[in-house]
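Each chain, letter by letter, is given below.
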Amino acid sequence: MRINARATLVALVPALLLAAVGCSSTNAPATGRSPDPKGSEGSAAGAPGAPAASPGPAGSASPKTGGTKLERSALAQGDLPGYQISAQGKNPNAPDGQPQADKKACQPLADIMGDKPDPAARETVNRGIGSQKQMGLAVSASVSSYSESDAKALISRLKAAVAACGTGFSATVDKQTGSYREVRAADYRTSGDESVSWTTTAAGQGVSAQVHLVVVRQGDTVVRLMALNVAAAQQKSQVPQEVTDKQLEKVRKAD
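Thresholds applied
Residues numbered from 1 in each chain as written. Predicted model: local features only at pLDDT ≥ 70, side-chain atom pairs only at ≥ 80, totals over all residues. Heavy atoms only, no water. Pairing = 2+ DSSP bridges. Helix = DSSP H or I, 4+ residues; strand = E, 2+ residues; numbered from the N terminus. Disulfide = S-S within 2.5 Å. Buried < 20%, exposed > 50% of the residue type's maximum accessible area, 1.4 Å probe, protein only.

Draft legend 1. The arrangement of the sheet that holds strand β6 (residues 176–185) in detail. Strand order across the open sheet formed by 9 strands is β1-β3-β4-β9-β8-β7-β6-β5-β2, with antiparallel pairing between neighbours. If you trace the sheet from one side to the other, it starts and ends with β1 (83–86) and β2 (100–101), each paired once. Direction of pairing for strand β8 (residues 207–218) relative to strand β9 (residues 221–229): antiparallel, over a ladder of 7 bridges. By the bridge assignment for β9, Val-214 is matched with Leu-225.

Draft legend 2. Structural detail: the state of the cysteines. This model, assessed by the stated rule, comprises 1 disulfide. A sulfur-sulfur distance of 2.0 Å marks the disulfide that ties Cys-106 to Cys-165. One quick way to see it: the torsion about the S-S bond of Cys-106 and Cys-165 is about -115 degrees, and its sign makes the bridge left-handed. With Cys-106 in the loop between β2 and α4 (107–112) and Cys-165 in the loop between α5 (148–164) and β5 (169–173), this residue pair connects regions lying 59 residues apart in the sequence. The class for Cys-106 is buried, based on a relative accessible area of 1%.

Here it is, written out as structure tokens:
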């Protein structure tokens, strides 16, 4: 995918999905340096709405050994063989805030594309994941804390929105607008308490990409996963099952 096309997609998908571009097809991170063998377990500073973290020896956010329950829940380098996991700060070209949908019924789907899954999230920690197995596959992963009632309500709203927004919708964030066409529910197995999954085509300024999303509730924690292929945007992508399984495993272990 051309560089300018990648820049356009920043307005359409979470910033950390783009952060994974540099390591999605190589064994080294975007900086060209070797991965930190200890991994990169940044904190909420790695969220799309937060300032960029100071680079560590490997050019990624400095690793942490403890932190909050949510930080311990997030994926770290070394958790998934064959994947490069980044806790880098926000892409400077990415817009800030929560996208606003042109259809009220579709606002929950627009929110998922923003800095956090929805306004009720208390805290969100993000990761960018690049596959070294499948050329170009990039995944944005986040874990967010909620009250359990708010987490349940989010899943319900998303299921209703997927059912209501099959013909698509548009969303605007920081004066940038993108469209989401052909919203379709997708079958996807998870071990969480409840989940919702769907596919859509994100488009803007003549560029489009097939995107797969999975949102899972585990107690009062919500996992958000989003995948696209940055090398072949029109290719259908799926969040790898092993990524979802490992992320939920870490959420349960952190309890």
